[in-house]
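# Structure at a glance
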Number of protein chains: 4
Amino acid sequence: MNVRVTVWNEYRHERHNEQVRRIYPEGMHTTIAAALRAEGFAVRTATLDEPEHGLSEEVLAATDVLIWWGHLAHDEVRDAVVERVHARVLDGMGLIVLHSGHFSKIFKRLMGTTCNLKWRVGNDRERLWVVAPGHPIAAGLGERIEIEHEEMYGEPFDVPPPETLVFVSWFSGGEVFRSGACYTRGQGRIFYFRPGHETMPTYHHPDVQRVIANAARWAAPTPGAARVFGNAAPLETR
Amino acid sequence: MNVRVTVWNEYRHERHNEQVRRIYPEGMHTTIAAALRAEGFAVRTATLDEPEHGLSEEVLAATDVLIWWGHLAHDEVRDAVVERVHARVLDGMGLIVLHSGHFSKIFKRLMGTTCNLKWRVGNDRERLWVVAPGHPIAAGLGERIEIEHEEMYGEPFDVPPPETLVFVSWFSGGEVFRSGACYTRGQGRIFYFRPGHETMPTYHHPDVQRVIANAARWAAPTPGAARVFGNAAPLETR
Amino acid sequence: MNVRVTVWNEYRHERHNEQVRRIYPEGMHTTIAAALRAEGFAVRTATLDEPEHGLSEEVLAATDVLIWWGHLAHDEVRDAVVERVHARVLDGMGLIVLHSGHFSKIFKRLMGTTCNLKWRVGNDRERLWVVAPGHPIAAGLGERIEIEHEEMYGEPFDVPPPETLVFVSWFSGGEVFRSGACYTRGQGRIFYFRPGHETMPTYHHPDVQRVIANAARWAAPTPGAARVFGNAAPLETR
Amino acid sequence: MNVRVTVWNEYRHERHNEQVRRIYPEGMHTTIAAALRAEGFAVRTATLDEPEHGLSEEVLAATDVLIWWGHLAHDEVRDAVVERVHARVLDGMGLIVLHSGHFSKIFKRLMGTTCNLKWRVGNDRERLWVVAPGHPIAAGLGERIEIEHEEMYGEPFDVPPPETLVFVSWFSGGEVFRSGACYTRGQGRIFYFRPGHETMPTYHHPDVQRVIANAARWAAPTPGAARVFGNAAPLETR
């Protein structure tokens, strides 16, 4: 069966900002979803202003990997939905957090830190160097990804040390950033991927699309080993 | 200057249960504090039923390492105090979480997971094997710590993979547990240490006292590198 | 295309020891190979006493994942073959090291440590607890694997800290062991899996076979990102 | 007792190259040693052309932390001395490998990989960003270290994933590098620190000196837990 991906987008910039709409006329989620469909994933989308933000119990139960983009309205995401997503991640659903999603409730909830960082809207060149060249998320890439225009994110990035670091970004303005970071929480795999400022056409970039597809394959759940919690009788007689 | 440790204890079992009081007549915190003073630490204690749980801004500002034991009343710890402790850990304060503190609000807040596990009150023998023999927290130990009577905790332990695993416990009833685990969050170092059921004299055990002292030295903050977050001008002219 | 596995076995015990031959009449490699074929892998075998130990350049070039069992004759493995395998691992070939293979030249070469441990031939019960229940190598297991009779391996295990720890073993004689450990070296993925003493029928155990199959899938190479080493011209003009 | 540091230097460039001699008239080891003495360490030096490369059993037995700089003559270091240093590291001696020491026999022996990388002698600006601001090796630094002129080292760096990554370098020519990386091997702590091309005055830089001193404190051995290897009787009667 195909991996089932739900692409979640705040979907506000695209509706209220002409510059962003020109780049993503139907929203970033639609661009990302199309790229994933072309790779064989079963994709649906969900956005903030839908009922339950489009993330009902039924949708999450039918989601293998959730992709998350948010920026302006992190606070409008209801806590009940955050807890529902959190429980699903611990139960095995993959989660890919994009760009400004670093400040989303769900990412901060899973990381346990502020997830703060340094930034500059300006117009840097970003160069993502592969530092884990055998990792499935880097499959088929060259030694780096070049993005001509991007917002800068700089260190320190206040997250737990990544379990695996896949990319490190170089910015023309002088900063670096750990821009591709893998985590495990419960049975779920989480990938944070830095690029994707709304005013740049980053999600049309073939290498960026490839990384997101690679990450969706990597984060898709495998049949977990049984987990038994709570009071337990002894296994050995003594 | 000496490392300043605050030993926090829920301090309910000792007041309401005769069996526990016989082992820790003045509370577990008093036993742990005495062992740390003998090692040269500057120690104070704090308990749940004091105002602000004994963890005012002033106390935390003067604390290098906080030790936490709780069990019955995790829910009574006020969220505002949890957030205060959380902020101090990210800012560099060390945190040592003992035994049933795995379900405390502060530990779950920092881990981002349920922190659930398997348990049995019975009466297992616990044997903590050192798996990181060069680590400062294992300094001066033999190859293992023997505890004649303890509550069992078993895997899976729903925490993020430890950055460093120092101890693995063997239980006579047939289980294992990752019983000494190091984490970094922000500038703070965190150590989870498993043993310490209230009805057993575990905190009188010399090796257990030694581990707690070693951990307090390890978790004490070093002068952190500067952290600058937020909007940043480019460093390079282009 | 199917993942291509080469099962390498020293294949001495089975030819010279009646007890072992009864359990593995055609060698452990044949038992392991059959289990992998049943899971859809393309499998060949190789043994110490074949020319080049059965690991010619051609064989290795056509191998995605190499499985290694050795014990009596580690020293008879020629250094040139070890270097050949080493180069292939760094280039992306997966490697699964079984049981007494911990002392093989190739494993020590990749780990950089002595790989020493504690052992007892006796007759322990081994119970492998899953500590990473969402990991692909644990897919489809219960919460633990029970092996009625096994040789004991105990801590300390002198290897680098595993990048991911999947299993921890409990032994009836009182020890624990980090018995399923993942590493990355170059583009290659490495899994060490503890069970498999030659006088016990461990490789007939369905859960052990399942773990080896899961590990072979996990260790199979993905198309690596390009790696460019050496002298490099600047990318930016200044 | 003071931490005892031995600074080892190949000491060829300084004797044969006028440009290098002007910067380090008595060798880089002398500059580094002086900086460490000013911080209270007990320091000796050793160089390639001394008998046993200055690293006799006696010297190593009296060394808590060994610092290593080599470049031209890695192959001239005798294997017996490499094995001696290797054994001491596993037994707890700290090791700090500087710059071109990435290709030394001892570092490759401990890492198990090629330790290859990308480089450019040119004249880049290097900026080392702190990515682990609470780590002891970053103590007292600003958010970054600026080095006006340095050789470039670029990714991929073919080493095992660092257990802790402390610094990431930005280079004006467009590359990044994981330039401060911590490892554990046996009971020993290892730190790789990138800067230090012989034709630049890098080891006179106060922040570089501070990092080396911090690393020497961090890598100094603590009294290790006992390690018992080999055949073992059962602890439990069954």
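Since the structure is predicted, the reported quantities are computational estimates derived from the model, not experimental observations.

Cut-offs and rules
Residues numbered from 1 in each chain as written. Chains lettered and ligands numbered in written order. Predicted model: local features only at pLDDT ≥ 70, side-chain atom pairs only at ≥ 80, totals over all residues. Least-squares fit on C-alpha atoms with pLDDT ≥ 70 in both. Contact = placed C-beta atoms within 7 Å. Core = buried A, V, L, I, M, F, W, Y, C linked by C-beta atoms within 7 Å. Buried ≥ 20, exposed ≤ 12 C-beta atoms within 10 Å, placed from the backbone. Axes fitted to C-alpha atoms, helices over the stretch in contact; angles between N-to-C directions. Helix = DSSP H or I, 4+ residues; strand = E, 2+ residues; numbered from the N terminus. Parallel < 35°, antiparallel > 145°, perpendicular 65-115°, else oblique. Left-handed = near helix turned anticlockwise from the far one by under 90°. Nonpolar A, V, L, I, M, F, W, Y, C, P; charged D, E, K, R; others polar. Pairing = 2+ DSSP bridges. Expected span 1.5 Å × (residues − 1).

### What to know about the relation of the copies chain B and chain A
Each copy of the sequence occupies a distinct position, and chain B is placed on chain A by a rotation of 180 degrees and an axial shift of 0.0 Å, giving an RMSD of 0.0 Å. As the rotation angle and translation indicate, the two copies are arranged about a two-fold axis. Ranked by how close their C-alpha atoms come to the rotation axis, the residues of chain B are headed by B:Gly112, at 2.6 Å. The residues that chain B uses at the interface reappear at the interface of chain A in 100% of cases, marking a shared surface.

### So, the nonpolar core
Judged by nonpolar contacts, the single largest core of 153 residues is most densely connected at B:Ile96, B:Ala216, C:Ile96 and C:Ala216. With near-sequence residues (within four places) excluded, B:Ile96 lies in contact with B:Val65, B:Ile67, B:Trp68, B:Phe191, B:Phe193, B:Ile212, B:Ala215, B:Ala216 and B:Ala219. If you look at the next biggest cluster of nonpolar residues, it comprises 152 residues, including A:Val166, A:Tyr183, D:Ala138 and D:Ala181.

### Some remarks on the packing of helix α3 (residues 28-38) of chain D against helix α7 (residues 206-219) of chain D
Residue and element names in this part refer to chain D. It is at 10 Å that the axes of α3 and α7 come closest, and there the two elements cross at 65 degrees. Here α7 runs roughly perpendicular to α3, going by the angle between their axes. The handedness of the crossing between α3 and α7 comes out as right-handed. Where α3 approaches α7, its residues Ile-32, Ala-35 and Leu-36 are matched on the opposing element by Gln-209, Ile-212, Ala-213 and Ala-216. Looking at the contact of α3 with α7, its residues break down into six nonpolar, one polar and no charged.

### What to know about helix α3 (residues 28-38) of chain B
Residues and elements named next belong to chain B. The complete set of buried residues in α3 reads Met-28, His-29, Thr-31, Ile-32, Ala-33, Ala-35 and Leu-36. Contact partners of the buried residues in α3: β1 (4-9), α1 (13-16), β2 (42-47), β3 (65-69) and α7 (206-219). Of the residues flanking the end of α3, it is Gly-40, one or two places downstream, whose phi is positive at about 95 degrees.

### As for the interface of chain B and chain A
In this assembly, 35 residues from chain B lie in contact with 35 residues from chain A. At the level of elements, α6 (105-111), β5 (118-130), β8 (176-185) and β10 (230-231) of chain B are the ones that each hand at least two residues to the side of chain B that touches chain A. The element contributing the most residues to the side of chain B that touches chain A is β5(B), with four residues. Here the side of chain B that touches chain A is composed, by residue class, of 13 nonpolar, 13 polar and nine charged. The sheet contact formed by strand β10 (residues 230-231) of chain A and β5(B) spans two bridges and is parallel. Counted as the bridge partner of A:Gly230 is B:Lys118 from β5(B).

### Quick word on the interface of chain B and chain C
Listed per partner, the contact involves 16 residues of chain B and 16 residues of chain C. Of all elements in the fold, only β5, β7 (164-171) and β8 of chain B reach the threshold of two or more residues within the side of chain B that touches chain C. No other element matches the four residues that β7(B) contributes to the side of chain B that touches chain C. Looking at the side of chain B that touches chain C residue by residue, the class counts come to 10 nonpolar, two polar and four charged.

### Brief notes about helix α5 (residues 79-90) of chain A
Residues and elements named next belong to chain A. An ideal rise of 1.5 Å per residue puts 16 Å on 12 residues; α5 measures up with 16 Å between its terminal C-alpha atoms. Listing the buried residues of α5 in full gives Val-82, Val-85, His-86, Arg-88, Val-89 and Leu-90. Immediately beyond the C-terminal end of α5, within one or two residues, lies Gly-92, with a positive phi of roughly 125 degrees.

### Brief notes about the relation of the copies chain B and chain C
Mapping chain B onto chain C calls for a rotation angle of 180 degrees and an axial translation of 0.0 Å; the resulting RMSD is 0.0 Å. Mapped onto chain C, 100% of the interface residues of chain B are again interface residues, and the two copies thus contact each other with one and the same surface.

### Section: unusual backbone geometry
A cis amide bond links B:Glu155 to the next residue, B:Pro156, at an omega of 5 degrees. Mapping B:Pro156 onto the fold places it in the loop between β6 (144-154) and β7. Even without glycine at this site, A:Tyr11 takes up a positive phi of about 55 degrees. Here A:Tyr11 lies in the loop between β1 (4-9) and α1 (13-16). Residue A:Tyr11 is classed as buried on the basis of its 24 C-beta neighbours within 10 Å. In this model, B:His53 sits at a positive phi of 55 degrees, which is unusual for a non-glycine residue.

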